[in-house]
Amino acid sequence: MPYDVADRSWWQTAVVYQVYVRSFADGNGDGIGDLLGLRQRLPYLHELGVDALWITPWYSTPGVDGGYDVSDYYDINPEYGTLADAEAVITEAHRLGIRVIADIVPNHTSDQHPWFQRAIAADPADPARNRYWFRPGRGEHANLPPNNWLSLFGGPAWTRLTPEGPDWYLHLFAAGQPDLNWTSPALAADFEQVLRFWFDRGIDGFRIDVAHGLTKDPLLPDLVHGDDLVLLGGAQQSHPHWDRDETIDIYRRWRTVADSYDPPKVFVAEAWVDSTERLRRYLSPDALHSAFNFGLLGCPWQAAALRREIVDHLAGLGGAAPATWVLSNHDVIRHVTRYSREDTSLDEARQHYGEPADLELGRRRARAAALLTLALPGSTYIYQGDELSLAEVEDLPAAVRQDPNTSDAPGRDGCRIPLPWAADGTPTHGFGGTGPGWLPSPPDWATLSVTTQSGDPSSSLTLYRTALALRSKLRAPGDEHDLHWLDASPQVLAFRSGTLGCVVNIGREPVQLSTQTDVLLTSGVGGDPLVVEPDTTTWIHIPAASAGPF
Ligand code: NOJ
Ligand code: CA
C-alpha cells in the first residue's frame, strides 16, 4: 500500500532492508545481480513487510571494492542497468509503499574517476590536484610513504604515483580508492550537486559511507600510538583521520540540502566511532538524522553483554535521535555463523573462520536475535538473506574470492553470495539464468530458497514476515524512544516498548510465562507457547499498566 507521503518521521521506526545489488537478483541471467532483478523482486520485499530499502552503490565503477569505488556518481554501473532502471526501481518501490535510500561514497572515489585522472595528469601546482591528497614521499629517493598511516585493507595507506616520481597519494582503503580532500570548496559543491541529482530522482535518503572519515588533519602527521593504527583509535579527539570534529560541518551543509525538499530527505551515517557519545555528535536537527549502531553486530550472544549494548546505546543517544539496530551487513561474517560457535563475538568469529560450526544453534539464536532487534524502539536494519537464515560461506576457494580487503582475511565474499530464490536445479538456486553466479552458491542452499521457505510455517522467512506484520500493527507514534525493562533472571532480557513485550531467553533453562500471558509470536518452533526455551525470543502483548509476564 502506498505510504503517507506527508509522513516526515518514517525513518525513526523504519525496518530497512539492505540490498547488495550484485547478489540480490539477476534479471538478465548473466550471473550478476542487477536493477531489473531488484525491480522484479520488489513484490517479495513488499510481502516481507519492510518500510525502506538501502541499496548499496549502484554507480559506474571499475568494481575494485564492490562499487565503493565510484567513477561516475551520475550514472549507473552498466552491469546493473541504466539510469532509467534506477528510476523505475524508485518509482515502483514507492508504488508498493517502500522508500529508497541510496548509498553515497564521499570519502574516496575510484582512481578511474575523471577528477583523479585529471589530477594525476596535472602539474603538481594545478588546483585539480587539490581534490585528493598528494604528498612527496620520504627518504632520499622519496621511496617511503609520506606518513605511517595504514590502509584498512592492508599495507600502507599510500601509493606512489609513478615508480620514480616524488608524489604519493592517500587511500585509507584500496589503492583504487584515493581519498578525497574535503577542504576543497569545489569538491564540496560537487557533492551537493550529486545529492540533489538523486534527491530529484526521488530517492528518500542516503546512507553515508565512511561518514567518520571525510576530514583529515591537513598536516597529515604520523600516528604515534600503536593503537591508533587500527580502525578505532584511542585518542579519537585528535585522531588525524577518523572522527574529527570538523566533519560535522560537511553534514550541516548536507542537511540544508535535504531539508530543502518536502518531505525532507534523510541521512544514515556509517560512522565507526568510539562511543555512542561520539556518535551522537553527528545526530541533530541541523546535521544527520541517524547513524548505524554497530553494537549488536559485534556483541556476543550473552545476556549481560546484550543488555549493556542496548542500555548504553539508548542512554548515549539520550533521546537525541532514534536508536538503530544492526546484526549483519555486507562487511561482516553473517550472524548465523557468528552465533554458531563457542565464542559469539565478531572478533572471535574472525579468529575461528572456517572451524566447525553448529549452524542449527546459530540459526536458533539468529531467529531469537531477529525478534529481539525488531522489538526494540527505533529503526532496524535487515541485511539481505538474514530473513532466509543464510550462513557465512566460509569454504570459498581463494581463486573465486574477489574482496580486496586482505587485512580481514579471508575477506568479505562469504556474506555476499547470491540469494537463493528457488529450488529450481540451477547452480544459483533461482538467482537468475542457468549458469553460475558471480560467486558460487552452496549446493545445499536450495533448502533455504525463498520458494522453499515460503510455504513453511516454521521457516525463518515466515518468522520475519509475521514479525514485520505484527510490528507495523503494534507500533504507535512515540514508541521510538520507549523501553521499560521488566524483572527477569540475569539470563533473560525482558522489556516492553509500547504494548509489545519481548522475552529473550539466553540461559540454559526454559523460562515459564504466567498463564495470563498473551503470546503473540515466538522464534521457537513448536512446543508450549508459555515456555520460552533457551535461545528463544517470545513476543507478548502487554496492555498499558498491566503486570509483567512472569
Ligand atoms: C564501508 C562499506 O560498507 C565497505 O563495503 C567498503 O569497503 C568501505 N566502506 C569503503 O568504501
Ligand atoms: Ca545481471
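A short tour of the structure in this document, coming up.

Parameters and conventions
- Residues numbered from 1 in each chain as written.
- Chains lettered and ligands numbered in written order.
- Predicted model: local features only at pLDDT ≥ 70, side-chain atom pairs only at ≥ 80, totals over all residues.
- Heavy atoms only, no water.
- Helix = DSSP H or I, 4+ residues; strand = E, 2+ residues; numbered from the N terminus.
- Buried < 20%, exposed > 50% of the residue type's maximum accessible area, 1.4 Å probe, protein only.
- Contact = heavy atoms within 4.5 Å.
- Areas by Shrake-Rupley, 256 points an atom, 1.4 Å probe, with all protein chains shown as cover.
- Lys, Arg positive; Asp, Glu negative; His and termini not counted.
- Charge placed at Lys NZ, Arg CZ, Asp CG, Glu CD.
- Donors = N, O, S within 2.8 Å, 3.2 Å for Na, K, Ca; no water.
- Pairing = 2+ DSSP bridges.
- Axes fitted to C-alpha atoms, helices over the stretch in contact; angles between N-to-C directions.
- Phe/Tyr/Trp six-rings, centres within 6.5 Å; stacked < 30°, edge-to-face > 60°.
- Lys NZ or Arg CZ within 6 Å of the ring centre and 35° of its normal.
- Near = heavy atom within 4 Å.
- Polar contact = N/O pair within 3.5 Å; in protein donor to acceptor, adjacent residues only side chain to side chain.
- Arc of directions from axis to C-beta.

## A word on the overall build of the protein
In terms of regular secondary structure, the protein is built from 15 helices and 20 strands. Each principal axis of the C-alpha atoms in the protein carries an extent, and together these give about 80 × 50 × 50 Å. A burial count over the protein gives 60% of its 550 residues as buried. For the protein, the proportion of contacts with a sequence separation of at least 24, taken over those separated by at least 6, is 68%. Total accessible area on the protein stands at roughly 20800 Å², and carbon and sulfur atoms take up 53% of it. Looking at charge distribution, the protein has the averaged site of its 43 positive side-chain charges lying 3 Å from that of its 72 negative ones.

## Things to note about the coordination of the calcium ion (ligand 2)
On the protein side, the calcium ion (ligand 2) has Asp26 (OD), Asn28 (OD1), Asp30 (OD), Ile32 (O) and Asp34 (OD) as donor atoms, found 2.2 to 2.4 Å from it. Sequence spacing among the residues donating to the calcium ion (ligand 2) works out to D-x1-N-x1-D-x1-I-x1-D. Here Asp26 falls in the buried class, since its relative accessible area comes to 6%. Residue classification places Asn28 among the exposed positions, given a relative accessible area of 51%.

## Quick look at the sheet that holds strand E14 (residues 484-485)
On the basis of which strands lie adjacent, the open sheet formed by five strands has the order E14-E15-E16-E20-E18 and antiparallel pairing. The open sheet terminates on both sides in strands that have one partner only, identified here as E14 and strand E18 (518-522). Here six bridges tie strand E15 (residues 492-497) to strand E16 (residues 500-505), and the two strands are oriented antiparallel to one another. Opposite Phe495, over in E16, you have Cys502 as the bridge partner. Strand contacts of helix H10 (residues 303-317): E14 and E15, with the helix running at about 30° to E15, the strand carrying the most contacts.

## A closer look at the packing of aromatic side chains
A full pass over the atoms with the stated rule returns 30 aromatic pairs. Taken together, a centroid distance of 5.8 Å and an interplanar angle of 40° make the contact between Trp254 and Phe267 tilted. Here the residue Trp254 occupies a position in helix H7 (residues 247-259), and Phe267 occupies one in strand E10 (residues 266-269), the gap between them amounting to 13 residues. This pair shows no difference in class: Trp254 is buried, exactly as Phe267 is. In this arrangement the basic side chain of Arg22 is found over the ring face of Trp438, its NZ or CZ atom lying 5.1 Å from the centre. Taking NZ or CZ as reference, Arg41 lies 4.1 Å from the ring centre of Trp421, over its face.

## Observations concerning the pairing of E16
Of all six residues that make up E16, six are buried, and the element is covered over most of its length. Along E16, one buried face is formed by Leu500, Cys502 and Val504 and the opposite face, lined by Gly501, Val503 and Asn505, is buried too. Hairpin connection of E15 to E16: two residues between the antiparallel strands, including Gly498 at a positive phi of 65°. Sheet topology places E16 next to strand E20 (residues 536-541); six bridges connect them, and they run antiparallel. What sits directly across from Val503, in E20, is Thr538.

## Examining the site of ligand 1
Within the structure, ligand 1 sits among 13 residues, and Asp65, His108, Asp209, His330 and Asp331 are positioned closest to it. Here His108 contributes a side-chain N or O atom positioned 3.0 Å from an oxygen atom of ligand 1. One of the side-chain N or O atoms of Arg207 is found 3.1 Å from an oxygen atom in ligand 1. For ligand 1, whose free accessible area comes to 300 Å², the fraction covered by protein is 97%.

## Focus on the side chain of Ser449
You can see Ser449 is positioned in the loop between strand E13 (379-383) and helix H14 (450-454). Given a relative accessible area of 0%, Ser449 falls into the buried group. A polar atom in the side chain of Ser449 sits 3.3 Å from the side chain of Thr451. Apart from the residues lying within four places of it in its own chain, the contact partners of Ser449 are Pro420, Trp421, Ala422 and Ala423.

## Here's the deal with the sheet that holds strand E1 (residues 15-19)
Spatially, E11-E10-E9-E5-E2-E1-E13-E12 is the arrangement adopted by the eight strands of the open sheet, whose pairing is parallel. Looking at the sheet topology across the chains shown, the edges are occupied by strand E11 (290-291) and strand E12 (324-326). Of the pairings in the sheet, the one linking E1 to E13 comprises four bridges and is parallel in character. Note on E13: the bridge partner recorded for Val15 is Thr380. With respect to the sheet, helix H15 (residues 460-474) is in contact with E1 and E13, its orientation differing from that of E13 by roughly 160°.

## Describing helix H5 (residues 114-121)
Because an α-helix completes one turn every 3.6 residues, residues spaced three or four positions apart along the sequence face the same direction. If you check which residues of H5 are buried, you get Trp115, Phe116 and Ala119. Axial view of H5: buried residues confined to an arc of 95°, hence all on one face. Exposed and facing more than 90 degrees away from the buried side of H5 are Arg118 and Ala121. Of the surrounding secondary structure, the elements contacted by the buried residues of H5 are strand E4 (72-76), strand E6 (134-136), strand E8 (167-170) and helix H6 (185-200).

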